[in-house]
Amino acid sequence: MGFVYKLLFRTVFAPMSAERAHHIGFGAIKAFDRVPVAREAVGRALRPRPEESAEVLGLRFPNRFGLAAGFDKNADGVRGLARLGFGYIEVGTITGRAQPGNPAPRMFRFTRDRALVNRMGFNNVGADAAAVRLADQRRLLERIPAPVRPVVGVNIGKTKDVAGLEATIADYRHSTGLLAPLADYLVLNVSSPNTPGLRDLQAVESLRPLIQAVQETAAQAVPHPRNALGHVPLLVKIAPDLADADVVAVTELALELGVDGVVASNTTISREGLRTDAERVGAAGPGGLSGPPLAGRACDMVRLIRRTAGPGLTVIAAGGIETAADARARLAAGADLLQGYTGFIYHGPFWPRRIAAAAYPG
Ligand SMILES: Cc1cc2nc3c(=O)[nH]c(=O)nc-3n(C[C@H](O)[C@H](O)[C@H](O)COP(=O)(O)O)c2cc1C
């Protein structure tokens, strides 16, 4: 089936802007989900196999491969995505307040590298509206049998207009209070390159009070979560541009504060190792690069985090996972779970099933 999507990609998606292609593709997934015969047929064909299921973060995952944050920013297509065989779906990034993001164009394909550059800037409906949408999606998900129902993670970030650590913490608290009750796990995103000042939050002095505030708010909002941990699992998502010493510092802080895991990694501001010609790369402008060029650094980060943390943290690997071999390499480096975004754009709706099958080590 891969060749059918490749043809569709070349003839339909490639000639239009990457963002428009995203809206049309995601729109088609949601439309498909509204047709019972179609969604049942797709769901049956792409359903995770029982042996692929795994217990991580006190939760039962139908398989170890999930959709990374940024695809379903407003949590309004979770069930349609669930039918494609993802073991989990991370919605967001959702910010405390609604915001339009950066002006378009803001998403670019480097097809020779099967990579993307984006500077979306957290365009999203904000935590209040997203909570309503997510609650709707969760009701729809209830109709999927539990063993194959995907886990839903919620990725939260900073509203652009909010300045200073105190106001930033209040912004994250607002999102946490609304979204923790609807999240199987939460991800604190401090690593997008497209929100000014966001990545400074990775510094331990800022990250410590932020993590503590989110943990406290989540515990108040969800005193009795339905998982084996007894609290809503919290992970921190970090950037591949951090120096190794900073990756170690964040990992050690996570261990000290009882954070449950680290997502490594977000997109990179580096443009090294690309086959796409320099003029095209330059014309795209600033933003985060994703896809295969990120794979080496992202895999090294997983290894470093695992070496630093031992078994004490859950590691979710993201960044350039495209093939079965990538999936196995990331697990061998110490990841518990895998996720991807860019591969979904280039390889289409049957891709998640292939990677999920590869992520079953047995
Ligand atoms: C268009 C686009 C938008 C993204 N938006 C977000 C986001 O809102 N929040 C986030 O944490 N990561 C976001 N990401 C990063 C992905 O979740 C992922 O970490 C990164 O793309 C590396 O994985 P990949 O190589 O499989 O795409 C985005 C990525 C892309 C390509």
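Residues numbered from 1 in each chain as written. Predicted model: local features only at pLDDT ≥ 70, side-chain atom pairs only at ≥ 80, totals over all residues. Heavy atoms only, no water.

Under an unreviewed UniProt entry, the name given to the protein is Dihydroorotate dehydrogenase (quinone), and the organism recorded is Sediminivirga luteola. Word for word, the UniProt comment on the protein under Subunit (unreviewed entry) is "Monomer." Its UniProt record gives the protein the following Sequence similarities (unreviewed entry) comment, quoted word for word: "Belongs to the dihydroorotate dehydrogenase family. Type 2 subfamily." (UniProt positions renumbered as here; feature names shortened; annotations may be inferred.)

1. Examining the packing of aromatic side chains
This structure, assessed with the given rule, holds 11 aromatic pairs. With a centroid separation of 6.1 Å and 35° between ring planes, the pair formed by Phe65 and Phe86 is classed as tilted. Here the residue Phe65 occupies a position in strand β3 (residues 65-67), and Phe86 occupies one in the loop between α4 (78-82) and β4 (88-95), the gap between them amounting to 21 residues. Like Phe65, the residue Phe86 is buried in the burial classification. Three or more aromatic residues joined by ring pairs make a cluster, and in this case those are Phe26, Phe65, Phe71, Phe86, Tyr341, Phe344 and Trp351. (Phe/Tyr/Trp six-rings, centres within 6.5 Å; stacked < 30°, edge-to-face > 60°. Helix = DSSP H or I, 4+ residues; strand = E, 2+ residues; numbered from the N terminus. Buried < 20%, exposed > 50% of the residue type's maximum accessible area, 1.4 Å probe, protein only.)

2. As for the site of the ligand
With respect to spatial proximity, 24 residues lie near the ligand, and among them Ala69, Thr93, Gly291, Gly320 and Thr342 are the closest. Between the ligand and the protein, one listed contact pairs an oxygen atom with a side-chain N or O atom of Lys237 at 2.9 Å. Tyr341 is positioned with one of its backbone polar atoms (N or O) 3.0 Å from an oxygen atom of the ligand. Bound to the protein, the ligand loses 98% of the 600 Å² it would expose on its own. Only β4 and β6 (115-118) provide two or more residues apiece to the shell around the ligand. (Near = heavy atom within 4 Å. Polar contact = N/O pair within 3.5 Å; in protein donor to acceptor, adjacent residues only side chain to side chain. Areas by Shrake-Rupley, 256 points an atom, 1.4 Å probe, with all protein chains shown as cover.)

3. Observations concerning the UniProt feature "binding site: substrate" (unreviewed entry) in the protein
Under the feature "binding site: substrate" (unreviewed entry), the UniProt entry names Lys73, Asn118, Arg119, Met120, Gly121, Phe122, Asn189, Asn194, Asn266 and Thr267. In this structure, Lys73 sits in the loop between β3 and α4. Here Asn194 lies in the loop between β8 (185-189) and α7 (204-221). What makes Asn194 buried here is its relative accessible area of 12%. Those residues in contact with Asn194 that lie beyond four places of it in its chain are Asn102, Asn118, Arg119, Met120, Gly121, Gly287 and Gly288. A polar contact of 3.1 Å, which involves the side chain of Asn194, links it to the backbone oxygen of Asn118. (Contact = heavy atoms within 4.5 Å.)

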